[in-house]
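Breakdown of the fold
Here is what each chain is made of, one letter per residue.
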Amino acid sequence: MSEDSTKPPQLHISDPADVAESRFISVAIPTFRRPDTIRRAIDSVLHQDFSNWELVVSDDEGPHGQTWAMLTDYARADPRIRIVENRRGRGQVENTNNVMLACRGSWIKLLHDDDWLAPKALGTFAQVAQQYPSAAFITCATNRVEDDGVKFRSARPGCKHIIVCSSQQTLKDLYLVRATRSFGIIPSSLLVNSSVVQNGCLMRRYKSITAGVDQLFFIDLASHGDMVMIEDGLIFYDATNHSSVTASTTFYDVDRETIDLKQLTWSLIEDKHKLPDPETIARALQIARLRRRFRHQPWGSTIRHAMQIFRPSVTKAVNQDIFARVFAVLRRRLRRTNW
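1. A closer look at the pairing of strand S4 (residues 107-110)
Judged by which residues are buried, S4 turns out to be covered on both faces: Trp107 and Lys109 on one side and Ile108 and Leu110 on the other are all buried. Taken together, the four bridges between strand S1 (residues 25-31) and S4 define a ladder with parallel strand orientation. When the sheet's bridge partners are listed, Ser26 is paired in S4 with Ile108. Two strands pair when backbone bridges link them, and S4 and strand S9 (residues 191-193) are joined in this way by three bridges, in the antiparallel orientation. What sits directly across from Lys109, in S9, is Leu191.

This is how it looks when you write it as structure tokens:
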């Protein structure tokens, strides 16, 4: 982390007119058969007080689908909105790439069709982008929307806190599941420098990774340059009970993808001194995930994963405070359930 992480600067949100370049931000929404939630996403863009944006929606179903006519109405009502058909191949990866490649702005604000922007989000992103024009990507904290309510994230009143990480710092952070995890980094929280996309950084598939293509994209972005994090909830992330790729992934698939992601990140980190190896990280994560898993998996699997804590390498990783916050929560929850 840079000095910014200990003494974050105070931001004064600029007026939209201060951003002179046309289409400073392209909001990019990949969508597929979610006419109700995408209305919410589009309306959250239209209600921003920052106006120097374009909105590009890539429909994975095309003109004959149930969403196209509704999207066309939006485009007719506002010339800043464009609708494109995904012809690159069906699925999240190609649809996301299709919408990013169709963007014309200096920065690309990814937004999933079931998430939405907080008020003034684009103005804040634009302000930070002006301060850090060479960053590979900017991200923010997320407000998590669950079935029982919303968990809001906000910075202290009167200022916006900024954390700046170099490429190598970001890769280590992703590897060790630290600040990027606590921030809740997701595709919808990203503002990507368009030059990074133009240089070939797109979503991709790698080995076993299906549900984890988002994490893979974060790793690829980090390898292209600095990350800037805004300690404020500028995005509402819909984590309610609805269909998604992640929701249909088994625990076995998650563990298999985790080791592939950790091994890839390990290969990109230049200074591995004192870092646990990928297998140790993966085992420690199995322990950290027990709180959510033990009611939904066989007891044999739970016991096998819990026993990982007796491996010296895993114990050392835990003692090094790599997963301190996660394990603190786990211990509190287990005490409450007397498990």
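2. Regarding the nonpolar core
Within the largest apolar cluster, 46 residues are counted, with the highest numbers of intra-cluster contacts made by Met100, Phe137, Leu190, Phe217 and Leu221. With seven residues, the single largest contributor to this core is helix H8 (residues 213-222). Contact partners of Leu221, with chain neighbours within four places excluded, come to Ala136, Phe137, Leu190, Val192, Val196 and Cys201. Grouped together as the second largest cluster of nonpolar side chains are 38 residues, Ile29, Trp107, Val128 and Leu234 included.

3. Considerations on the environment of Pro276
Topologically, Pro276 is positioned in the loop between helix H9 (251-268) and helix H10 (278-288). Sequence separation of Pro276 and Trp266 is ten residues, and the distance between their C-alpha atoms is 9.6 Å.

Parameters at a glance
Residues numbered from 1 in each chain as written. Predicted model: local features only at pLDDT ≥ 70, side-chain atom pairs only at ≥ 80, totals over all residues. Heavy atoms only, no water. Buried < 20%, exposed > 50% of the residue type's maximum accessible area, 1.4 Å probe, protein only. Helix = DSSP H or I, 4+ residues; strand = E, 2+ residues; numbered from the N terminus. Pairing = 2+ DSSP bridges. Core = buried A, V, L, I, M, F, W, Y, C linked by side-chain atoms within 4.5 Å. Contact = heavy atoms within 4.5 Å.

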